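Chain and residue survey
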Amino acid sequence: MPNILIVDDDINILKLVEIHLSQQGYVVLLAKDGMEALKILQKHQCQLAVVDIMMPYLDGYELTKEIRKKYDIPVIMITAKNQLEDKEQGFQAGTDDYLVKPFEPRELAFRIRALLRRYDKQQDDSIIQIGNTMINKKSYMVQIGDRTIILPLKEFELLYFLFTNPMQVLSRNHLIEQVWGVEYEGDERTVDVHIKRLRERFSNLTDDFQIKTVRGVGYLLEARRG
């Protein structure tokens, strides 16, 4: 089941939501402020965040902006305020939905399910996973278990293209056309350099895949079976 991050400085709200969502089968992660929430997101892959607006250190608006910069997950804002200006500021910060206190936990659960369904449809083409390694084209991040890796742009695009064509022999010329573009004027050694860097980065992190050299032709991404 999805990991749901709940961020609120009211311990009673945290416990109430945790109990209800846990009964729904979700894995619930709790944070008492925005700074603690960012630390949790660095360590755990979450599928959705529920964020209170009024919090110490880092309020809900700023936290949502930070989430938008680094993670491609839906955000629901919760607040005691019901002013149009507050909602406008929340949507400008990047929230996907808005819920006003006091609220029924069941309504929060309905909204969570709706947003997860929507994001699942949007991400079908942007997320590719082999084993425990997930590549997100929208956020340009590679996730291996709980670890997030941010690659230079061309390394990411090369790895993403290899992931979309596993077990296929791809020539250097084809890789250059797909990743660097047909107008690229450099030589094929650029591909070799980037492949070497990818191998160095991932060889000690995962055995989900290997990038193999096909002598005289190019490269092949071999996915681990099972």
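Now for a description of the structure that goes with this document. Please read all numbers here as calculations on a predicted model, not as lab measurements.

Considerations on the pairing of strand β2 (residues 27-31)
With five bridges joining them, strand β1 (residues 3-7) and β2 adopt parallel strand pairing. Residue pairing across strands places N3 opposite V27, the latter belonging to β2.

Here's the deal with the pattern of salt bridges
Under the criterion given, the structure shown has 14 salt bridges. For D187, the salt bridge is made with R189, and the minimal N-O distance between the two is 2.9 Å. Residue classification places D187 among the partly exposed positions, given a relative accessible area of 36%. Taking the relative accessible area as the measure of exposure, R189 reaches 58% and is therefore exposed. One connected set of salt bridges, linked through shared partners, spans D8, D52 and K101.

Comments concerning the sheet that holds strand β10 (residues 170-171)
Spatial strand order, β10-β12-β11: three strands in an open sheet with antiparallel pairing. Every interior strand has two partners, whereas the edge strands, β10 and β11 (209-214), have only one. Relative to the sheet, helix α8 (residues 189-202) contacts β11 and β12 (218-223), its axis offset from that of β11 by approximately 150 degrees.

Structural notes on the sheet that holds strand β7 (residues 133-136)
Ordered by their spatial adjacency, four strands build an open sheet running β6-β7-β8-β9, and the pairing between neighbours is antiparallel. Each edge of the open sheet carries a strand with a single partner, namely β6 (127-130) and β9 (147-149). Between one strand axis and the next, the sheet turns through 20 degrees on average, direction left out of account. In the sheet, β7 pairs with strand β8 (residues 141-144) via four bridges, with the strands oriented antiparallel. Residue pairing for β8: I135 is matched across the bridge by V142. Lying over the sheet, helix α6 (residues 153-164) contacts β6, β7 and β8, oriented at roughly 115 degrees with respect to β7.

Digging into helix α2 (residues 34-43)
What α2 keeps buried is the set G34, A37, L38, I40 and L41. Angularly, the buried residues of α2 cover 160 degrees about the axis, an arc narrow enough to put them on a single face. Exposed and facing more than 90 degrees away from the buried side of α2 are K39, Q42 and K43. Of the surrounding secondary structure, the elements contacted by the buried residues of α2 are β1, β2 and α3 (60-70). The distance from a side-chain oxygen at the start of α2 to the backbone nitrogen of M35 is 3.0 Å, and the residue carrying that oxygen is D33.

Thoughts on the packing of helix α7 (residues 172-180) against α8
At a closest axis distance of 9 Å, the pairing of α7 and α8 adopts a crossing angle of 80 degrees. Judged on the interaxial angle alone, α8 and α7 are roughly perpendicular. Counted together, R172, L175, I176 and W180 of α7 and T190, V191, D192 and H194 of α8 form the full contact between these two elements. Residues of the contact of α7 with α8, tallied by class, amount to four nonpolar, two polar and two charged.

Here's the deal with the nonpolar core
Core analysis: the largest hydrophobic core is formed by 27 residues, its most contacted members being V142, L159, F202 and I211. Contributions of two or more residues to this core are made by β6, β8, α6, α7, α8, β11 and β12. Here F202 is in contact with V142, I144, I149, L151, L159 and F209, once residues within four sequence places are set aside. One finds I13, L21, L48 and L108 within the second-largest nonpolar core, a separate group that totals 19 residues.

Rules used throughout
- Every chain's residues receive numbers from 1 upward, in the order its sequence appears when written.
- In keeping with the model being predicted, local features are shown solely for residues with a pLDDT of at least 70 and side-chain atom pairs are shown and tallied solely at 80 or more, while totals for entire chains, interfaces and linings include all residues.
- Heavy atoms from the whole structure form the basis of all side-chain values; hydrogens and water molecules are not counted.
- Following DSSP output, two strands are said to pair if at least two bridges run between them.
- A run of H or I in DSSP becomes a helix once it reaches four residues, and a run of E becomes a strand once it reaches two; helices and strands are each numbered from the N terminus.
- Here a salt bridge means any side-chain nitrogen of Lys or Arg lying within 4 Å of a carboxyl oxygen belonging to Asp or Glu.
- Burial classes follow relative accessibility: with a 1.4 Å probe on protein chains only, a residue under 20% of its type's maximum area counts as buried, one over 50% as exposed, and anything between as partly exposed.
- Whether two residues are in contact is decided by their heavy atoms: any pair within 4.5 Å suffices.
- Here an angle of 0 to 180 degrees is reported between the N-to-C directions of two axes, which are lines fitted to C-alpha atoms, with helices fitted over the stretch in contact.
- Directions from the helix axis toward the C-beta atoms define the arc.
- We define a polar contact as two N or O atoms separated by no more than 3.5 Å, with the added condition that, inside protein, one atom must be a possible hydrogen donor and the other a possible acceptor, whereas residues neighbouring each other in sequence contribute only through side-chain atom pairs.
- Each angle receives one of four descriptions, namely roughly parallel if under 35 degrees, roughly antiparallel if over 145, roughly perpendicular if within 65 to 115, and oblique otherwise.
- Nonpolar residues are Ala, Val, Leu, Ile, Met, Phe, Trp, Tyr, Cys and Pro. Charged residues are Asp, Glu, Lys and Arg, and all others, Gly as well, are polar.
- Here, nonpolar core means buried Ala, Val, Leu, Ile, Met, Phe, Trp, Tyr and Cys residues that are tied together by side-chain atoms lying within 4.5 Å of each other.

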